[in-house]
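So the chains spell out like this:
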Amino acid sequence: QVQLLESGGGLVQPGGSLRLSCAASLNSFSLYTMGWYRQAPGKQREVVATVNSGGQTTYADSVKGRFTISRDNDQDTVYLQMNSLKTEDTAVYYCNAAHWGIYWGQGTQVTVSS
């Protein structure tokens, strides 16, 4: 069974940092493009960052310079390091995997508030 399990969400103050993890149960994890998406109440789900099988990354303009996506193919895990967090980063963050199929995790809540 394909499964993506996010962890690491929580409450953090503006300017703080958080690291999200996504543990993937996938055949041939290294072949998948992995990504982080987020959705705030009343807004569309948007892509935050992606990393493909070759290690190439993309970022939404709103998070460039603040967030870093990485993957550990030995651990079948993708990470999102989130620094200099802003209140507008508050959302449910979802892990995504795309290659043979497209899969989503259950989401983890990130709340940035003082």
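Every value quoted in this text rests on a predicted model; they were computed, and no experiment measured them.

**Describing the overall build of the protein chain**
Phase 1: Counting its regular elements, the protein chain contains zero helices and 11 strands.
Phase 2: In sequence order, the protein chain lays out its α and β elements as β-β-β-β-β-β-β-β-β-β-β.
Phase 3: The C-alpha radius of gyration of the protein chain comes to 13 Å, within 12% of the 13 Å expected for a compact globule of 114 residues.
Phase 4: For the protein chain, the spread of C-alpha atoms along the three principal axes comes to 40 × 25 × 25 Å.
Phase 5: Burial analysis of the protein chain (114 residues in total) assigns 41% to the buried set.
Phase 6: The contacts in the protein chain between residues at least 6 apart in sequence include a share of 53% that link residues at least 24 apart.
Phase 7: Accessible area of the protein chain: about 6200 Å², with a carbon and sulfur share of 45%.
Phase 8: Measuring between centres, the 8 positive side-chain charges of the protein chain sit 6 Å from its 8 negative side-chain charges.

**So, the pattern of salt bridges**
Phase 1: All told, the structure shown has four salt bridges when counted by the stated rule.
Phase 2: Each of the salt bridges in this network shares a partner with another, and the network as a whole consists of R38, E46, R66 and D89.

**Brief notes about unusual backbone geometry**
Phase 1: The backbone phi angle of S28 is positive, close to 60°, even though this residue is not glycine.
Phase 2: Position of S28 among the secondary structure elements: in the loop between β3 (18-25) and β4 (33-39).
Phase 3: A positive phi angle is found at S84, which is not glycine, with a value near 50°.
Phase 4: Residue placement: S84 occurs in the loop between β8 (77-82) and β9 (91-98).
Phase 5: Residue S84 is classed as partly exposed on the basis of its relative accessible area of 42%.

**A few points about the nonpolar core**
Phase 1: Residues L4, L26, M34, W36, L80 and Y93 are the most contacted members of the largest nonpolar core, which totals 30 residues.
Phase 2: Elements that contribute at least two residues to this core include exactly β3, β4, β5 (46-51), β7 (67-72), β8, β9 and β11 (108-112).
Phase 3: When sequence neighbours within four positions are dropped, the list of residues in contact with L4 reads C22, A23, A24, L26, M34, C95, N96, A97, Y103, W104, G105 and Q106.

Definitions and limits used
- Residues numbered from 1 in each chain as written.
- Predicted model: local features only at pLDDT ≥ 70, side-chain atom pairs only at ≥ 80, totals over all residues.
- Heavy atoms only, no water.
- Helix = DSSP H or I, 4+ residues; strand = E, 2+ residues; numbered from the N terminus.
- Rg over C-alpha atoms; globule rule 2.2 N^0.38 Å.
- Buried < 20%, exposed > 50% of the residue type's maximum accessible area, 1.4 Å probe, protein only.
- Contact = heavy atoms within 4.5 Å.
- Areas by Shrake-Rupley, 256 points an atom, 1.4 Å probe, with all protein chains shown as cover.
- Lys, Arg positive; Asp, Glu negative; His and termini not counted.
- Charge placed at Lys NZ, Arg CZ, Asp CG, Glu CD.
- Salt bridge = Lys/Arg side-chain N within 4 Å of Asp/Glu carboxyl O.
- Core = buried A, V, L, I, M, F, W, Y, C linked by side-chain atoms within 4.5 Å.

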